[in-house]
Amino acid sequence: MSVHLFGIRHHGPGCARSLAAALDALRPDCVLVEGPPEGDGLLPFVGRETLAPPAALLVYAPATPQRAVFYPFAEYSPEWQAIRYANEHGVSVRFCDLPQAHRLGTREEAGKDDALAPAAGAEPPAQAPDAPQEAGLDDAPWDDPLRWLAHAAGYGDTETWWDHLVEQRSDGLELFGAIAEMMTALRLEAGTATSELEARREAYMRTAIRQALKQGHERIAVVCGAWHVPALAAMPSAKSDADLLKGLPKDKVAATWVPWSHGRLTFASGYGAGVVAPGWYRHLWRHREQAALYWLTRVATLLRENDLDASPAHVIEALRLADTLAALRGRPRPGLDELMEAVRAVFCYDSDAPLRLIRRRLLIDEILGEVPADVPSVPLVQDVFAQQKRLRMAVRADDTELDLDLRQAAHLEKSILLHRLSLLGIAWGTVRTRHGRSGTFHELWRLAWEPEYAVSLIEASVWGSTLESAATAFAFERAARAHTLPELTRLMEQILLADLGDAVAPLMARIQEISTLTPDLGLLLAALPSLANVLRYGSARSVDTAALSSVVDGLITRACIALPYGLRGLADDVAAGLLGQIIAADQAIRLLQDDAHLDAWFEALELGAASEASHPLLAGRCARILTEHGRWDTARAAQQLTRSCSTTVAPLVSAAWLEGFLQGSGALLAHSDQLWRIVNAWLLAQPPAVFTELLPLLRRTVGSFSSVERRELGERAVRSDAGQAHRGPATAGEVDVARARRVLPILHTILATRPAMEHAHDE
């Protein structure tokens, strides 16, 4: 009987290739793989075409699904290749790490495992394969023992050193003997203290080895993180290991396969055992020979697809440069560093833009794995996956756009699926604004599936076994917990978009109950946009909105009654919040296209605009809405503006009124001579000290204008000054041009424009 230890990096193509060769030579009759024993029943799926990596083994506690861990695998992961070998050759295979049933008892234990994905609370990225590492100790190489070896070999970081030493080779058994010798020396010399959790993990692995020997296996292959090899080679007594494992807490856990993505295999994602460039490692795995040439060819193809210059001559020159750099650095072949430097010099002309494209599309190479439908899972997950398959909605990790025409039954079903998932907090799709189309029959979605959505679906399974039942039950719960009208109306919008008919009547009763108890103007206004959207989409989704219309009628009536009085006696910060609600409510009421609603709304706005007790910011916005929609003509607006900017009104009050009137667009000021003259005269009449005090508020107002509007207003100020200069010296009652000209630099500062037509001052 013999035990062979294969120390690997969790996601290393060189380790995987060498391991495959070693297993072919060894012909083991038992394979033990570092991983959770709860996943043993899922190992037969590895190697099937329907389970396509990257995929992750998800282990979770059914009672509290948020307590979960992922064990990700790529096609070039050595563990994946070891399991495939065992399945293809009919060899016994099982996981041998400490069961998660003993480790999910506390979050602290779950967060210490360097093999876990970020969602499971993994530690910071480890520089050494499966070695303990403390972040931020670059000046103390013994805290990462492999970093010391990398520096001694002339490498700046462990990643590059390990890549050249291991991942670009395929040595078979000899490689793993060298790794074991190196790790033994490092653990001895570094003296790194082993945590209690690590000691228990290694004790359980040794126990699994003893069990395999006891079962009579002749050649046992143990595939584990390289750092564990010395601890498994020196076998203490079985009793000492049993003592370490005695009395551990135990929870009920379950396991399943879920799709994973390349982006979540990177260090940058927070995955402790991640790699820098999973796309590059995938390329190394698939192109054992001439990896550099094939890589540069892919670079050229990608650049040409994006209309960037790339020719065969570029590929030849870049390959020559990469080979030369590798030779100068004493390396047997070009690695990723040499290739990227050659790409920058030859293809990118020292520009970062093509490099960002290459990093995203080739170094990461974002793909999402696939999981077969017959993998054991909770009913809700199976229902969602079945709907995705039936509706032919591809589950991908990268961003994709989905344009839906809700008049088509299949498109409407897709929209309902996405809205139901969104209601449960699973944001697979987000609705995007569709420029140029405002019809209710179109939705534009951006889709991107995240691996942790699998956990979210398991968590949501407490609400029901199907997506419809789970979303309905969750909506009931949210309605019961909601205490404000805007919360309820937003929920009503989500429910109707998700076609949850059973939840409509109870929620409608809840809205009517809360609305009668809501005197606050802000809450009444905030409730309108969501309900207006529901009424707008009713015809597109065949929703009966008659009952909802009566609720909207009542809310608008109460809001119009409350508005003139709700604008009074407000602090500035409260008024600023109410401003946005008035703007949104105005858009919602106009969206309904009901003349009675519009008349009542405009009458309320007129009362608010005319009252001196109204907050000036909100009174100005009321006047703006009335002017924009033709309720007031320019003369009426000018009259109100004159009154608000008169000398009897404090300058700060006038400035606040102007902010409300002009915020968001300067079109009224740019296209009305009468309004322009009033504002211009008011500005020129301010003493220097007052003008300086007003300057921040004026800049905030003008900063909300578009750049075209700011430029037009600046040019208009110059033309106005030039016209005054042509008229000669000021007479009684006229503006002194010489004095007014001094204001122009300040106006350019406010309007963020550059002085133009300077020659006009000298004519």
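Residues numbered from 1 in each chain as written. Predicted model: local features only at pLDDT ≥ 70, side-chain atom pairs only at ≥ 80, totals over all residues. Heavy atoms only, no water.

## Side note on the overall build of the chain
Okay, step 1: Scanning the chain for helices and strands turns up 34 helices and ten strands.
Okay, step 2: Relative to all contacts within the chain whose residues are 6 or more apart in sequence, the contacts with residues 24 or more apart total 74%.
Okay, step 3: Summed over its atoms, the accessible surface of the chain is roughly 33,800 Å², and 53% of this surface lies on carbon and sulfur atoms. (Helix = DSSP H or I, 4+ residues; strand = E, 2+ residues; numbered from the N terminus. Contact = heavy atoms within 4.5 Å. Areas by Shrake-Rupley, 256 points an atom, 1.4 Å probe, with all protein chains shown as cover.)

## Quick word on the packing of helix α27 (residues 651–662) against helix α30 (residues 688–703)
Okay, step 1: Their axes nearest at 10 Å, the elements α27 and α30 cross at an angle of 15°. Judged on the interaxial angle alone, α30 and α27 are roughly parallel. The interaxial crossing formed by α27 with α30 has right-handed handedness. In this structure, α27 uses Pro651, Leu652, Ala655, Ala656, Leu658, Glu659 and Leu662 to contact α30, whose residues at the interface are Val690, Glu693, Leu694, Leu697, Arg700 and Thr701.
Okay, step 2: In terms of residue class, the contact of α27 with α30 is made up of nine nonpolar, one polar and three charged. (Axes fitted to C-alpha atoms, helices over the stretch in contact; angles between N-to-C directions. Parallel < 35°, antiparallel > 145°, perpendicular 65-115°, else oblique. Left-handed = near helix turned anticlockwise from the far one by under 90°. Nonpolar A, V, L, I, M, F, W, Y, C, P; charged D, E, K, R; others polar.)

## As for the pairing of strand β2 (residues 30–33)
Okay, step 1: Neither face of β2 is exposed, since Cys30 and Leu32 on one face and Val31 and Val33 on the opposite face are all buried.
Okay, step 2: Two strands pair when backbone bridges link them, and β2 and strand β5 (residues 92–95) are joined in this way by four bridges, in the parallel orientation. The residue bridging Val31 from the neighbouring strand is Val93, located in β5.
Okay, step 3: Note: β2 against strand β6 (residues 219–225), four bridges, orientation parallel. When the sheet's bridge partners are listed, Cys30 is paired in β6 with Ile220. (Buried < 20%, exposed > 50% of the residue type's maximum accessible area, 1.4 Å probe, protein only. Pairing = 2+ DSSP bridges.)

## What to know about unusual backbone geometry
Okay, step 1: The omega angle of the peptide bond from Pro53 to Pro54 is 5°, so this bond is cis rather than trans.
Okay, step 2: Structurally, Pro54 is set in the loop between β2 and β3 (55–61).
Okay, step 3: One non-glycine residue, Asp307, adopts positive backbone phi at about 60°.
Okay, step 4: Examined against the element boundaries, Asp307 turns out to sit in the loop between α11 (291–305) and α12 (312–328).
Okay, step 5: Judged by relative accessible area, Asp307 falls into the exposed class, the value being 73%.
Okay, step 6: Even without a glycine there, the phi angle at Gln593 is positive, about 55°.
Okay, step 7: The residue Gln593 is located in the loop between α23 (572–592) and α24 (595–610) in this model.
Okay, step 8: Using a relative accessible area of 68% as the deciding quantity, one classes Gln593 as exposed.

## Comments concerning the packing of aromatic side chains
Okay, step 1: This model, assessed by the stated rule, comprises twelve aromatic pairs.
Okay, step 2: Arranged with centres 5.1 Å apart and planes meeting at 85°, the rings of Trp280 and Trp295 form a pair that is edge-to-face. One end of the pair, Trp280, is in helix α10 (residues 278–286); the other, Trp295, is in helix α11, with 15 residues separating them in the sequence. One exposure class covers both Trp280 and Trp295, and it is buried.
Okay, step 3: By way of ring pairs, the aromatic residues Phe73, Trp80 and Trp257 are connected into one cluster.
Okay, step 4: Seen from the ring of Trp632, Arg636 lies directly overhead, with NZ or CZ sitting 4.1 Å from the centre. (Phe/Tyr/Trp six-rings, centres within 6.5 Å; stacked < 30°, edge-to-face > 60°. Lys NZ or Arg CZ within 6 Å of the ring centre and 35° of its normal.)

## Some words on the pairing of β6
Okay, step 1: Counting buried residues in β6 gives six out of seven residues, a clear majority hidden from the surface.
Okay, step 2: Two strands pair when backbone bridges link them, and strand β1 (residues 2–8) and β6 are joined in this way by seven bridges, in the parallel orientation. From the neighbouring strand, Gly7 faces β6, where its bridge partner is Cys224.

## Things to note about the confidence of the model for the chain
Okay, step 1: With 88% of its residues at a pLDDT of 70 or more, the chain shows a mean pLDDT of 82.
Okay, step 2: Note that pLDDT drops below 50 for residues 106–142; the model gives that stretch 107 contacts with residues more than four away or on any other chain.
Okay, step 3: In the model, residues 757–763 has pLDDT below 50 throughout and makes seven contacts with residues more than four positions away in sequence or in other chains. (pLDDT = per-residue confidence, 0-100.)

## A closer look at the sheet that holds strand β7 (residues 254–259)
Okay, step 1: With respect to topology, three strands assemble into an open sheet ordered β4-β3-β7, the strand pairing being antiparallel. Edge positions in the open sheet fall to β4 (64–73) and β7, since each of these has one partner strand only. Taken pair by pair, the neighbouring strands of this sheet meet at an average axis angle of 30°, ignoring direction.
Okay, step 2: As judged from the six bridges shared by β3 and β7, these two strands associate in the antiparallel manner. Bridging across to β7, Tyr60 finds its partner in Ala254.
Okay, step 3: Here helix α17 (residues 453–460) sits on the sheet and contacts β3, β4 and β7; the angle it forms with β4, its principal contact strand, is near 150°.

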